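Close look at the chain arrangement
Residue strings, one per chain:
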Amino acid sequence: DQQVKQNSPSLSVQEGRISILNCDYTNSMFDYFLWYKKYPAEGPTFLISISSIKDKNEDGRFTVFLNKSAKHLSLHIVPSQPGDSAVYFCAASAHGNQFYFGTGTSLTVIP
Amino acid sequence: DVKVTQSSRYLVKRTGEKVFLECVQDMDHENMFWYRQDPGLGLRLIYFSYDVKMKEKGDIPEGYSVSREKKERFSLILESASTNQTSMYLCASSLLLLGGRTSNTEAFFGQGTRLTVV
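Reading the values: rules and limits
- Chains are numbered independently. Their residues run from 1 in the order of the written sequence.
- Chains and ligands are labelled sequentially in the order written, the chains with letters from A and the ligands with numbers from 1.
- Restriction of local features to residues with pLDDT of at least 70 applies here, the model being predicted, together with a cutoff of 80 or more for giving and counting side-chain atom pairs; totals for whole chains, interfaces and linings are based on all residues.
- Heavy atoms throughout the structure, all of them, feed into the side-chain values; hydrogens and water do not.
- Each helix is a run of H or I in the DSSP string that is no shorter than four residues. Each strand is a run of E no shorter than two, and both are numbered from the N terminus.
- The atom set for the radius of gyration is the C-alpha atoms, and the globule formula is 2.2 Å times the number of residues raised to the power 0.38.
- Think of it in three bands: residues with accessible area under 20% of the maximum for their type are buried, residues over 50% are exposed, and the middle band is partly exposed, with areas taken using a 1.4 Å probe on protein chains only.
- Cysteine sulfur atoms that pair up within 2.5 Å are treated as a disulfide.
- Two residues form a contact once any of their heavy atoms are found within 4.5 Å.
- Defined in terms of a 1.4 Å probe, buried area is the accessible area two parts forfeit on being brought together, summed over both.
- When a carboxyl oxygen of Asp or Glu lies within 4 Å of a side-chain nitrogen of Lys or Arg, that pair is called a salt bridge.
- Two strands make a pair as long as DSSP finds a minimum of two bridges between them.
- Axis definition: a line fit to C-alpha positions, over the contact stretch in the case of helices; interaxial angles, taken between N-to-C directions, run 0 to 180 degrees.
- Only buried residues count toward a nonpolar core, which is a set of Ala, Val, Leu, Ile, Met, Phe, Trp, Tyr and Cys residues joined through side-chain atoms within 4.5 Å.

**Regarding the overall build of chain A**
A tally of regular secondary structure across chain A gives 0 helices and 11 strands. Secondary structure elements in chain A, listed N-terminal to C-terminal, are β-β-β-β-β-β-β-β-β-β-β. At 13 Å, chain A has a C-alpha radius of gyration in line with the 13 Å of a compact globule built from 111 residues. Each of the three principal axes of chain A carries a C-alpha extent, and together these read 40 × 30 × 20 Å. Across the 111 residues that make up chain A, the buried fraction comes to 47%.

Okay, structure coming up:
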């Protein structure tokens, strides 16, 4: 059973606007959450992470929000740029050593 | 610069062939992973290893085996390739966290191997 879910397979956003990608999880033991970005024919690259002791982490245009009570996290990209067009994977870990990935959301930023 | 290197970017193999996918990392990581990525299914874990000669089954180990003879190298083996194993294969590595420590590490991925079985 999928422990990490991304219910939106795709998202289109105008350049300069905000992109919001969502992720839900079921395992309350997860204590670390990550977002990866993947271009076609390349491996995923790490984007940003958040520990379960925080509810927000920011890195430049990227912010991740965590709502533990709802078992939900989101990635905000603002302003969105055409180069952000990629597939974004949410991942979660419980005490490290294994990572559970969502099914991915394909983001298209329209110039 | 950290590196996970997969031996091939693209492979075409025939049904029934034995296929080896090689992965090498230079970060001295204990953990290594093999995933496959398929449309609509995300990244699914095939096998992982937390030490030399150790292996653990992931979510979809059927039809695959692995080998970890050296810390830096983790091989995925398709014993008898089938068309439903056509996929993007991704190798990753990460630090080993001991004693229930809170996670604070990420997995580093290779560039992927696009395998087509015909």
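Further notes follow.
**Brief notes about the state of the cysteines**
Residue and element names in this part refer to chain B. Under the counting rule described, the total for this entry stands at 2 disulfides over all chains. Two residues share a disulfide in this structure: Cys23 and Cys91, whose sulfurs sit 1.9 Å from each other. Residues Cys23 and Cys91 share a disulfide whose torsion about the S-S bond is about -80°; that sign makes it left-handed. Note that Cys23 is positioned in strand S3 (residues 19-25) and Cys91 in strand S9 (residues 87-94), a separation of 68 residues in sequence. Across this residue pair, the class does not change: Cys23 and Cys91 are buried.

**Focus on the interface of chain A and chain B**
In this assembly, 21 residues from chain A lie in contact with 30 residues from chain B. In total, about 2,000 Å² of surface goes out of reach between chain A and chain B, with carbon and sulfur atoms giving 56% of it. Of all residues in chain A, the largest losses of buried area upon contact with chain B belong to Asn97, Phe99 and Phe101 of chain A, amounting jointly to 29% of the total for that side. Linking chain A with chain B are 0 salt bridges.

**Some details on the sheet that holds S3 of chain B**
Residue and element names in this part refer to chain B. Here we have 4 strands laid out as an open sheet, ordered S1-S3-S8-S7, and antiparallel in their pairing. The open sheet has two edge strands, strand S1 (4-6) and strand S7 (64-70), and neither has a second partner. Strand-to-strand twist in this sheet, taken as the mean axis angle between neighbours without regard to direction, amounts to 20°. Two strands pair when backbone bridges link them, and S7 and strand S8 (residues 73-78) are joined in this way by 5 bridges, in the antiparallel orientation. Looking across to S8, one finds that Val66 is bridged to Leu76.

**What to know about the nonpolar core**
Within soluble globular proteins, side chains that are nonpolar tend to cluster in buried spots. Grouped together as the largest cluster of nonpolar side chains are 23 residues, with contacts concentrated most on Phe33, Trp35, Leu73, Leu75 and Tyr88 of chain A. Mapped by element, the contributors of at least two residues to this core are strand S3 (19-25), strand S4 (32-38), strand S5 (45-51), strand S7 (62-67), strand S8 (72-77), strand S9 (86-93) and strand S11 (105-110) of chain A. A total of 4 residues in this core trace back to one element, the largest contributor, which is S9 of chain A. In this view, Phe33 of chain A contacts Tyr25, Ile48, Ser49, Ile50, Ser52, Leu66, Leu73, Ala91 and Ala92 of chain A; residues no more than four positions away in its chain are not counted. By size, the runner-up hydrophobic cluster in this structure holds 21 residues, among which are Leu11, Cys23, Val66 and Leu78 of chain B.

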